[in-house]
Amino acid sequence: MDARDARRQSAATIVILVVLTLERLAYYALATNFFLFLNKGPWDGPQAWDSLDAMNAVFVLAGVSYMSALLGGYISDAWLGRFKTMVVGFLLYISGYILLTLMAIDRLPRTICEANNDSMGYDPNGAPNAPCKVAVYISVTIVGLGVGIVKSNIAPFGAEQLNTANPRRTRSFFNWFYWCINLGSLFGVGVLTYIEQDNPGICTNGFFCGYLISSGCLLLALILFIIVLPCYHIVPPEGSVLGNILKILWESLCAQIRHWRYNSPNPNTSPLHLEPRFLDRAKIRFGGSFHESAVDDVRSLGKLLNVFTALIPYWLVYFQMETSFQAQGLHMRFSIYGTNHSTDMQDDILQTTEREEFSVPAAWLTLFNQLFLIGAIPLVTSFLYPVMDKAGIRMSMLFRIGIGMVFSIFAVMIAGSLESYRIFLWRTDNSSHIEQIVGNVTYHAVNISIFWQIPQYILVGAAELFASIAGLEFAYSAAPRTFQGMIMGLFYTMEGIGSLLGTALLHLVSPFWLSNMTDYGNINDNHLDFYLYFLGILQFTTFLVYCGSLYMQRFSLRPIAMPHTRRGRGRRHPGDGRAGGSGGATSTLHEEDEDEQDGDEDPDNEEEDNGEVRPTDTQLLL
């Protein structure tokens, strides 16, 4: 690479990371405080949403954001390419944020919330009305679509600028990629959520100011992204591969059915004769129509899906930072200089003291999660991993995912223990009861510092350090190149499924553990701790199954079926559409090549990745 190309590559990578930082700043400024926006907002208390409805809206925002990533990946792979798809995503993103900004000052078109406003009437003091559900979910859907489209493409687009498949450079890029995610989150949560909650200075409506700033950041990100277009290495779309995937599955199913219906047992057949596996029946050498790489890409897709499914309980724990952790924090003392006034103490001195106290925004607790990651990621990227590489010790991606699961178990169990202690004090010690006012909402809290939540946020950060980064890297590195964007979208889609399952789980357990949700300022008669314990048990069970599957995959010897004749054996032809892709990453996941098991290597079936090194099975599995 000459100096000019190196400068272009550096400029493209840096701008993409800056764009990512601005985009994450806008997203986390919304996601981490959206519960409070609906639960409190710049409107009167009686108009506010109750806790259960507010939690559901947050889950829907996250769910749409992640599930639409699959659509974004498909559009980029099949039609527009990553650059154009990301431009479309940013335009949707900005449009949704404009709706939220107008919603914060009650300037949406009256046709959207007409029934809501007519029933409540307008505030004579000019305060905005609480948004109706139609307006909230329309805005959330548009923002979520923009988030998902950008999210599914920005990581592979940035990795493509490296123009290499060196596993160390890829690992380093994704570590810094996640570092920028947390840098943007740090400013979004630390600065914008403070503006939204405390209305400082001229911002009499903090949510309006915060959403307006976020919209400006998104517009700046889009402008920067477009300006650097000449420096990008752009890979054109290769067309949809969904058709080939469905054809391979259909052909394999038909061949399997024919085998069941027409093949009778032959007593003269050797007992060592093995039938091909399900997908192998679509290969040319077993009488099918597809080449080795196409079928193996589909098989790798199934194994990727298995890993993504195993991460769903992890995502359930991760999303507690924006829901149950925040609800728990609002019912703990968040004053730095002392307790807020008690219900039976209303004298002038205590009221003066209360005005001088500084209330820590509940969303600020996620700052400890981001600060931990901002400090830990450079440490592991620049020191820990290089030292381990020199020592010949390589932590595989799947092994790092398992470590992240362990940290998430500890995080949710500690959160449940803290909630059990908080509820115990509420029920046994009346002197610990305090009332805290956030905007127009009074929260019935316990006199325990909110900073006792720090360990659970840090443990979630430790889980992200291993599981989230390794999962992101795994989704990119192990995906066949022909549908890399779709695989990245699938990774985020499974994350969104975890969010939507959180909504379903809330409805499932609410009659038993979260039944008292009519008073949005009081969760003290509920059992939020049981809900957190349940998540921990679910994550622990998934971890055991995950470890068992990795153990079986590593140490089991699987016999390979061979074709009856080598006469019909298929060979790879570069221009054959049936091949269904380059197979550039198939060696990451599929079992040892069947040809090698037979002792006859086929040079046309070997990976030819222009000299680039792809991760091997021993690098991925412990």
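Owing to the predicted nature of the structure, the values given are computational and were not obtained by experimental measurement.

(A) Highlighting the pattern of salt bridges. Scanning the entire structure with this criterion turns up six salt bridges. Ionic pairing is found between Glu473 and Arg400, a salt bridge with its closest N-O pair at 3.2 Å. Residue Glu473 is found in helix 15 (residues 454–477), and its partner Arg400 is found in helix 14 (residues 397–428); the two are separated by 73 residues along the sequence. The exposure class of Arg400 is buried, given its relative accessible area of 2%.

(B) Just helix 9 (residues 292–310), in detail. Its 19 residues give helix 9 an end-to-end C-alpha distance of 27 Å, which sits within 8% of 27 Å, the value for a rise of 1.5 Å per residue. Among the 19 residues that make up helix 9, 15 are buried, leaving the element largely enclosed by the rest of the structure.

(C) How the structure looks around the packing of aromatic side chains. This model, assessed by the stated rule, comprises 28 aromatic pairs. Aromatic ring contacts, followed pair by pair, group Phe308, Tyr314, Trp315, Tyr318, Phe319, Phe491 and Tyr492 into a single cluster. Geometry around Tyr492 places Lys151 over its ring, the cationic atom sitting 4.8 Å from the centre.

(D) Quick look at the environment of Gly416. Here Gly416 is to be found in helix 14. Taking relative accessible area as the criterion, Gly416 reaches 0% and is therefore assigned buried. Along the chain, Gly416 and Phe530 lie 114 residues apart, while their C-alpha atoms are 7.1 Å from each other. Apart from residues no more than four positions distant in its own chain, Gly416 is found in contact with Asp529, Leu532 and Tyr533.

(E) Just unusual backbone geometry, in detail. Phi at Asp106 is positive, roughly 60°, even though this residue is not glycine. Structurally, the position occupied by Asp106 is in the loop between helix 3 (51–104) and helix 4 (114–120). By relative accessible area, Asp106 is classed as buried at 10%.

(F) Focus on the nonpolar core. One finds Phe34, Phe37, Tyr97, Phe177, Tyr211, Tyr232 and Phe308 to be the most contacted residues of the largest nonpolar core, which totals 161 residues. Not counting chain neighbours up to four residues away, the residues in contact with Phe37 comprise Pro42, Trp43, Met103, Ala104, Pro131, Phe207 and Tyr211. Met332, Leu425, Trp426 and Ile448 belong to the second largest nonpolar core, which has six residues in total.

(G) Looking closely at the packing of helix 14 against helix 15. Direction vectors running N to C along helix 14 and helix 15 enclose 155°, while the axes themselves pass 7 Å from each other. Judged by the angle between their axes, helix 14 and helix 15 are roughly antiparallel. Between helix 14 and helix 15 lies a crossing of left-handed hand. A breakdown of the residues in the contact of helix 14 with helix 15 according to their chemical character gives 18 nonpolar, five polar and two charged.

Quick notes on the rules
One numbering rule holds for all chains: residues counted from 1, following each sequence as written. Local features in a predicted model are, by the rule used here, given only for residues with pLDDT of at least 70; side-chain atom pairs are given and counted only at 80 or more, and totals for whole chains, interfaces and linings are based on all residues. Only hydrogens and water are set aside when side-chain values are computed; all heavy atoms of the structure are taken into account. Put simply, a salt bridge is a Lys or Arg side-chain nitrogen that is within 4 Å of an Asp or Glu carboxyl oxygen. Put simply, DSSP marks the helices as runs of H or I at least four residues long and the strands as runs of E at least two long, and each gets a number from the N terminus on. Exposure classes here rest on a 1.4 Å probe applied to the protein chains alone. A residue is buried below 20% of its type maximum, exposed above 50%, and partly exposed in between. Expected helix span is given by 1.5 Å per residue-to-residue step, counting one fewer step than there are residues. Each pair of aromatic rings taken from Phe, Tyr and Trp, with Trp reduced to its six-membered ring, is defined by centres within 6.5 Å and is described as stacked if the planes are under 30 degrees apart, edge-to-face if over 60, and tilted in the remaining cases. Two conditions define a charge sitting above a ring: the NZ of Lys or the CZ of Arg must be within 6 Å of the ring centre, and it must be within 35 degrees of the ring normal. Any two residues having at least one pair of non-hydrogen atoms within 4.5 Å are treated as being in contact. Definition used in this section: a nonpolar core is a set of buried Ala, Val, Leu, Ile, Met, Phe, Trp, Tyr and Cys residues joined via side-chain atoms within 4.5 Å. Here an angle of 0 to 180 degrees is reported between the N-to-C directions of two axes, which are lines fitted to C-alpha atoms, with helices fitted over the stretch in contact. Note that the term roughly parallel is reserved for angles under 35 degrees, roughly antiparallel for angles over 145, roughly perpendicular for angles of 65 to 115, and oblique for everything else. In this scheme the crossing of two helices becomes right-handed for a clockwise turn of the near helix relative to the far one and left-handed for an anticlockwise turn of less than a right angle. Basically, the charged four are Asp, Glu, Lys and Arg, the nonpolar ten are Ala, Val, Leu, Ile, Met, Phe, Trp, Tyr, Cys and Pro, and anything else, Gly included, counts as polar.

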